[in-house]
Amino acid sequence: MKTFLGRANPTTGALDWVEESEEYDYHQEIARSCYADMLHDHDRNEKYYQGIRAAVARVKARGEKVIVLDIGTGTGLLSMMALTAGADFCYAVEVFKPMAEAAQCIVGKNGFSDKIKIINKHSTEVTVGPDGDMQTRANVLVTELFDTELIGEGALPSYEHAHHNLVQEGCEAVPHRATVYAQLVESELLWSWAQLQPVEVEGVQLVPPPAVGCCAGSHSVCDIQLSQVPPHSFTPLSPLCTMFSVDFSKPVSSASQSHSSQFAAQATGRAQVVLSWWDIDMDPAGTIVCTMAPSWTYPQPKTAPWRDHWMQSVYFLPVESRLVQGEDLSLTVCHDDYSLWYSLQTHRQRDTESDSPPRRPCCTCQAHLVWSRPRFGELNDSQRTESYVSALRSVVKADSVCLGVSDGSLLPVFAHMLGAKKVFSLENSRMSKQVIEQVLEANSMKGGVQLLEIKPDQLTSSDLGEQISVLMGEPYFSTSLLPWHSLSFWYCRTALAGLLQPGATVLPCSATLHMVAVEFQDLWRIRAPCGTCEGFDVTPMDEMIQRSLDFRESREAEPHPLWEYPCRALTQPRAVMTFDFTQCVPQQPVTTRGSLPFTRTGLGHGVALWMEYQLTDDITVSMGLTGPISEQGGCEWSRHRKQGVYFFGSPWESAGDGRSSVSYSFSFQPSSGDIKMEFTAEAL
């Protein structure tokens, strides 16, 4: 059965009605999941196996039958480990139906069908009794319910329910406990993701609105690969603090709680950011530990296990505080049943403030709802800002009538500061409009930019009063996922063609799509088949993922912030398509083909794709590579935008002698704004 779905097109801006199979949603869920990443996480799997063996042995030593409850079984891997370790029976709970079906198949393939019962329910719906899902309560509880924030997938309510309803008192639990750690730091890099910084234009400082500066910001966690944030980019102001632990072998509460750690400031500086991660002890003695600590905490960073399903967390304090070395401080973490937040108190504040725990941060200025954290970083990038200001300076004149087309952009404000006669800005939402209004008011420029909450194709000459001489965009659109979705600017420019003066300046004047074939250090794991995992055959899982990829995803690129995922270039980068913004969007598809020789040895896992924008003849801004590729193939990527990654079906081996190449074909489809692409390996 098929159904029609209305879907906003991120490039054209139109509402497309698309015919989809009723199975599309779960195919997409499986294709974009991290199941493969977890199966490739040998450190995690090995520690779980060790913890399960030890737990089963402890129960057997008491002379009891070992009944295991495995919540969130996924592939059934942990249940099969328990049976192999000597458990008598396992109840494996999995709420996602396609996953439960895959687990049933995997369990059967490995010969455990008679000892593992797959229950396709949420654990809170599981019943116990003669007619229930479980005949008896379990005495071993095995779970993998964690996310980067530890509790974000509802681990606490699930444990709370399990202890009350599904497991025996005094049960063994794997993992046995989890511990959350935090470190207070000063970091100009990370803080730039949370607060708008002043900008200087033509000797005049553009300051952020007061409401933005005193706003606590978004409460959601910022989860990143903290190993890729170099230690020189932050200053520790505290020791690594143990914030709290949860013992999973005892009844767990999902009620809101707070925990504090006292310490003396290690350095003088500005308290801005909390770095946090957790580890899990698989046994009561804490001898089997799986840690999420970033690689720079290891004596030998290269030995740190890589994983993408669990990363590290960055929390931004509600306010920046100036500290003096030796000052007594208290760092507090609060949590409800799904999330954590942090606050900092000085000794003086602790004496005067109430005992009630700090409230969850909440954005009151709207800027943190309009601008994502990478977007804050982009707006605060002084080098990038100077590129745009320099480009605008070369085209904005005293008689210029400027129109800005980007979401929540400061370019129209810059154009006003550069002396344009009139400046208009099209805003995609009331909230975005209000944020820019705050910026103008804070800098005594109210009315300097006319903010229009009108779609480009609905704008008329009566809205402007005169024709546009400068059409400008970064371009940035909050709905963009893939790099070329920002071609939405081209569609806006086309819709506005009748409102442009003859010979009007369009900035940027063009865009180019670039590609480079790469070998990923680790990211390849999220798409690589596993085959066997810790001795168990999980090929049905590989097959299920491949079927879902073949449904559509394998023919598409996917967005990734490549600064978090190191890779080596195996070819030279190449501009493969150019889009001329001085002209309207063409009516017919635009196609290009070619081949790119492999010039370095390695395994080609896929192609990285990004856009570069030509602001003027001599100023270009890259949304991908930010510098030349090193001799060894090292790449430095923009932190502000995600790049596109097209994974090959299987790795391509490169001898690096130029005798083999990646053959490519790109086709831009004007009707949809999509870019279809194909890649093949070719021997020269």
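Scroll up to find the structure.
Rules behind the numbers
- Residues numbered from 1 in each chain as written.
- Predicted model: local features only at pLDDT ≥ 70, side-chain atom pairs only at ≥ 80, totals over all residues.
- Heavy atoms only, no water.
- 1 Å grid on protein atoms, 1.4 Å probe; cavity = no way out; pocket = protein on both sides within 12 Å on 5 of 7 lines; lining within 4 Å.
- Points joined across faces, edges and corners; volume = space filled by probe spheres on them.
- Helix = DSSP H or I, 4+ residues; strand = E, 2+ residues; numbered from the N terminus.
- Nonpolar A, V, L, I, M, F, W, Y, C, P; charged D, E, K, R; others polar.
- Axes fitted to C-alpha atoms, helices over the stretch in contact; angles between N-to-C directions.
- Parallel < 35°, antiparallel > 145°, perpendicular 65-115°, else oblique.
- Left-handed = near helix turned anticlockwise from the far one by under 90°.
- Contact = heavy atoms within 4.5 Å.
- Core = buried A, V, L, I, M, F, W, Y, C linked by side-chain atoms within 4.5 Å.
- Buried < 20%, exposed > 50% of the residue type's maximum accessible area, 1.4 Å probe, protein only.
- Pairing = 2+ DSSP bridges.
- Disulfide = S-S within 2.5 Å.
- Salt bridge = Lys/Arg side-chain N within 4 Å of Asp/Glu carboxyl O.
- Phe/Tyr/Trp six-rings, centres within 6.5 Å; stacked < 30°, edge-to-face > 60°.
- Lys NZ or Arg CZ within 6 Å of the ring centre and 35° of its normal.
- Polar contact = N/O pair within 3.5 Å; in protein donor to acceptor, adjacent residues only side chain to side chain.

### Re empty space enclosed by the protein
Okay, step 1: A complete count under the given rule lists 3 cavities of 30 Å³ or more for this structure.
Okay, step 2: Quantified by volume, the largest cavity comes out at close to 80 Å³.
Okay, step 3: If you trace the largest cavity, you find it lined by A216, S218, H219, S220, Y315, F316, L340, W341, Y342, P361 and R373.
Okay, step 4: Breaking the lining of the largest cavity down by element, the ones donating at least two residues are β17 (312-323) and β19 (340-346).
Okay, step 5: The element that contributes the greatest number of residues to the lining of the largest cavity is β19, accounting for 3 residues.
Okay, step 6: Taken together, the residues that form the lining of the largest cavity break down as 7 nonpolar, 3 polar and 1 charged.
Okay, step 7: The computed volume of the second largest cavity comes to approximately 60 Å³.
Okay, step 8: Per-element tally for the lining of the second largest cavity: the top contributor is helix α12 (residues 382-395), with 3 residues.
Okay, step 9: Class assignment for the residues of the lining of the second largest cavity results in 5 nonpolar, 2 polar and 2 charged.

### Comments concerning the packing of helix α3 (residues 42-61) against helix α4 (residues 77-84)
Okay, step 1: Look at α3 against α4: their axes get within 9 Å of each other, and the N-to-C directions meet at 40°. With respect to α4, the axis of α3 lies oblique. At the point where α3 passes α4, the crossing takes the right-handed sense. Of the residues in α4, those touching α3 at R44, N45, Y48, Y49, I52 and V56 are L77, L78, M81, A82 and T84.
Okay, step 2: Per-class residue counts for the contact of α3 with α4 are 8 nonpolar, 2 polar and 1 charged.

### What about the nonpolar core?
Okay, step 1: Formed by 133 residues in total, the largest nonpolar core has its most connected members in L69, L184, Y342 and W637.
Okay, step 2: The dominant element in this core, judged by the number of residues it contributes, is strand β15 (residues 269-281), at 7 residues.
Okay, step 3: If near-sequence neighbours (up to four positions away) are discounted, L184 is found in contact with T235, P236, L237, S238, F263, A271, V273, V274, L317, L323, L329 and L344.
Okay, step 4: Counting 92 residues, the second largest nonpolar core, distinct from the first, contains V449, L487, A517 and I675.

### Remarks on the sheet that holds strand β31 (residues 590-597)
Note: strands within a sheet are paired through backbone hydrogen bonds, in either parallel or antiparallel orientation.
Okay, step 1: Strand order in this open sheet of 3 strands is β31-β35-β36, and the pairing throughout is antiparallel. Of all strands in the sheet, those bounded by a partner on one side alone are β31 and β36 (674-683). Across the sheet, the mean angle separating the axes of adjacent strands is 15° when strand polarity is ignored.
Okay, step 2: Strand direction decides the pairing type here: strand β35 (residues 660-669) and β36, joined by 10 bridges, are antiparallel. Note that in β36 the partner of F668 across the bridge is I675.

### Here's the deal with the state of the cysteines
Okay, step 1: Across all of its chains, the model carries 0 disulfides by this definition.
Okay, step 2: Considering cysteine sulfurs only, C533 is the nearest to C290, which forms no disulfide, with 13 Å between them.
Okay, step 3: Residue C290 is classed as buried on the basis of its relative accessible area of 0%.
Okay, step 4: Cysteine C533 is unpaired, with the sulfur of C530 as its nearest cysteine sulfur at 4.6 Å.

### Details of the pattern of salt bridges
As a working rule, side chains carrying opposite charge can pair if their charged atoms are close by.
Okay, step 1: Summed over the entire model, instances satisfying the criterion amount to 25 salt bridges.
Okay, step 2: Note that E172 is salt-bridged to R62, the shortest N-O span being 3.0 Å. Highlighted residues: E172 in strand β7 (residues 167-174) and R62 in the loop between α3 and β3 (67-71), separated in sequence by 110 residues.
Okay, step 3: Where D247 meets K250, a salt bridge forms, and the shortest distance between an N and an O atom there is 4.0 Å.
Okay, step 4: Classification of D247 as partly exposed rests on a relative accessible area of 25%.

### Observations regarding helix α16 (residues 488-495)
Okay, step 1: The buried count for α16 comes to 6 of 8 residues, which makes it a mostly enclosed element.
Okay, step 2: In this structure, the buried side of α16 is in contact with β20 (401-405), β23 (468-472), β24 (500-507), β30 (574-580) and β35.

### Regarding the sheet that holds strand β4 (residues 89-93)
Okay, step 1: Within the open sheet, the 5 strands sit side by side as β5-β4-β3-β6-β7. Their pairing is parallel. The open sheet is flanked by β5 (116-119) and β7, the only strands paired with a single partner. Between one strand axis and the next, the sheet turns by 25° as a mean value, whatever way the strands run.
Okay, step 2: One ladder, built from 4 bridges, connects β3 with strand β6 (residues 138-143); its direction is parallel. Bridged to V68 within β6 is V140.
Okay, step 3: In this fold helix α6 (residues 155-165) packs onto β3, β6 and β7, with an angle of close to 140° to the strand it touches most, β7.

### Thoughts on the packing of aromatic side chains
Okay, step 1: Taken as a whole and assessed by the stated rule, the structure comprises 26 aromatic pairs.
Okay, step 2: Consider the rings of F234 and W296, whose centres lie 5.1 Å apart with planes at 50°: the pair is tilted. Linking F234 in the loop between β11 (222-224) and β12 (235-236) with W296 in the loop between β16 (289-291) and β17, this pair joins segments that are 62 residues apart in sequence.
Okay, step 3: Site record: aromatic cluster; members linked through ring pairs are Y646, F648, W652, Y664, F666 and F679.
Okay, step 4: Lying over the aromatic face of Y49, R53 brings its terminal NZ or CZ to 3.8 Å of the ring centre.
Okay, step 5: Sitting above the plane of the W563 ring, R639 keeps its charged end 5.2 Å from the centroid.

### So, the environment of H514
Okay, step 1: Note that H514 resides in strand β25 (residues 510-520).
Okay, step 2: Exposure remark for H514: the relative accessible area of 11% places this residue in the buried category.
Okay, step 3: The sequence separation of H514 and V590 amounts to 76 residues, and the corresponding C-alpha distance is 15 Å.
Okay, step 4: If we skip the residues at most four places from it in the chain, H514 touches R574, A575, A608, L609, W610 and E612.
Okay, step 5: At 3.4 Å, the side chain of H514 forms a polar contact with the side chain of E612.

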